[in-house]
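Structural characterization, general
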Amino acid sequence: MRFATVSSAFCIIEFAFLVSLVSSFSSISRINQFAVTRQQRINEITSDPLSVTLMAKKEVVEEEEDPNNFLDTLFTGGAFDNAEEEAAGIASKIKSIKELGWTKPPRDRPGNIRPRHRAWGGTGEKAIQDKPGYDVNNPRSPEIWLKEDDFYALKAVSAIAKKSPTGQAAADTVFVALAGGGSFAERTKCEELINDWNKSGKFDDAAFRKSVDAGRAKLATGWAAFFGVTATCALSIAVPTNPVAKGLEAVIGVILGFLSKL
């Protein structure tokens, strides 16, 4: 009887978790349904040569592509393009966080909300300054986040992103160093990295590449965990007697047994 209860509870938990993961994945697919390619997106955002602020001057004109091709717009942080040298050229021009848009002293309240990983809801997440209730004029509001599109609008980024065939990948490489697995970069992290890149008085290419590797590792780890959990749940429903499912059943059984004694 107890085994049946544990098995039933485990199946319910698995099904609910799988539904939530499918919903999350579906939201990502909807975001990409009418997406433009990343290069088209950058070209549109950086079309104004006088853009030196963090405000993109034009809205991106969406063009319909294959609605089922999720990989077309998957952010990889330039991992497969060998654009690190060009990326270093972009990063070397960023001497302080002021160039990224944080021109005022740090706010009293940095905020407890962190950008979510792209795999776990971060792909469709809004920047904190775009969420309901945020007031940029309120000193108690947390620091704004650096958006990907605003980063592309920077003069130092757009100068390379538009002219070079691998400029898009170079921009992505710098952004993944700043943002890691998220869709936004935070002030404190950016300040820490920029100081590290320039700590010797000149640009440290090795330090920059180290931060790129760390950012890409966070990005890849999050996606691996997402697909791993999804596959595990699907396998456990399709083949309930697999070792992973039985192990999880045993864990749930121990927890239920402990709770029954309370």
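Here, the structure is the one placed above.
Right, let's walk through the structure included here. (Residues numbered from 1 in each chain as written. Predicted model: local features only at pLDDT ≥ 70, side-chain atom pairs only at ≥ 80, totals over all residues. Heavy atoms only, no water.)

In total, this model carries ten salt bridges according to the counting rule given. Between Glu-125 and Arg-116 there is a salt bridge; the shortest N-O distance is 3.7 Å. Under the relative-accessibility criterion, Glu-125 is labelled buried at 9%. Residue classification places Arg-116 among the partly exposed positions, given a relative accessible area of 42%. A salt bridge links Asp-130 to Lys-147; its shortest N-O distance comes to 2.6 Å. (Salt bridge = Lys/Arg side-chain N within 4 Å of Asp/Glu carboxyl O. Buried < 20%, exposed > 50% of the residue type's maximum accessible area, 1.4 Å probe, protein only.)

Here Glu-143 is to be found in the loop between helix 3 (84–91) and strand 1 (146–147). A polar contact is formed between the side chain of Glu-143 and the backbone nitrogen of Arg-107, at a distance of 2.7 Å. (Helix = DSSP H or I, 4+ residues; strand = E, 2+ residues; numbered from the N terminus. Polar contact = N/O pair within 3.5 Å; in protein donor to acceptor, adjacent residues only side chain to side chain.)

Another point: the nonpolar core. Ranked by internal contacts, the top residues of the largest apolar core, which has 39 residues, are Leu-100, Phe-151, Val-174, Leu-178, Trp-197 and Phe-208. Top contributing element to this core by residue count: helix 6 (residues 167–179), with nine residues. Ignoring sequence-local partners within four residues, the contact set of Val-174 consists of Ala-87, Ile-90, Ala-91, Ile-94, Phe-151 and Phe-208. (Core = buried A, V, L, I, M, F, W, Y, C linked by side-chain atoms within 4.5 Å. Contact = heavy atoms within 4.5 Å.)

Time to look at helix 6. Over its 13 residues, helix 6 extends 18 Å from the first C-alpha to the last, a length consistent with the 18 Å expected when each residue adds 1.5 Å. Of all 13 residues making up helix 6, twelve are buried, and the element is well covered by its neighbours. Along helix 6, the residues classified as buried are Gly-167, Ala-169, Ala-170, Ala-171, Asp-172, Thr-173, Val-174, Phe-175, Val-176, Ala-177, Leu-178 and Ala-179. Directly after helix 6, the chain includes Gly-180, whose backbone phi takes a positive value near 65°. (Expected span 1.5 Å × (residues − 1).)

Time to look at the packing of aromatic side chains. Aromatic ring pairs: the centre-centre distance and the angle between the two ring planes describe each pair. Tallying each qualifying case throughout the model produces eleven aromatic pairs. Geometrically, the ring pair formed by Trp-197 and Phe-208 is edge-to-face, given 5.2 Å between the ring centres and 85° between the ring planes. Of the two residues, Trp-197 is situated in helix 7 (residues 187–197) and Phe-208 in helix 8 (residues 205–238); the sequence distance between them amounts to eleven residues. In this structure, Trp-197 and Phe-208 share a single accessibility class: buried. Plain terms: the ring middles of Trp-223 and Phe-227 are 5.6 Å apart, the flat faces sit at 20° to each other, and that makes the pair stacked. Here Phe-227 and Trp-223 lie together in helix 8, a separation of four residues that amounts to about one turn. (Phe/Tyr/Trp six-rings, centres within 6.5 Å; stacked < 30°, edge-to-face > 60°.)

Turning our eyes to something else, we now look at helix 3. Residue pairs three or four apart in sequence face the same way in an α-helix, which turns once every 3.6 residues. For helix 3, the buried fraction is high: six of the eight residues fall into the buried class. Where helix 3 is concerned, the buried positions are Glu-84, Ala-87, Ala-88, Gly-89, Ile-90 and Ala-91. Lining the buried residues of helix 3 we find helix 5 (155–161), helix 6, helix 7 and helix 8.

Unusually for a residue other than glycine, Asn-82 sits at a positive phi of about 50°. Here Asn-82 shows up in the loop between helix 2 (38–45) and helix 3. Under the relative-accessibility criterion, Asn-82 is labelled exposed at 70%.

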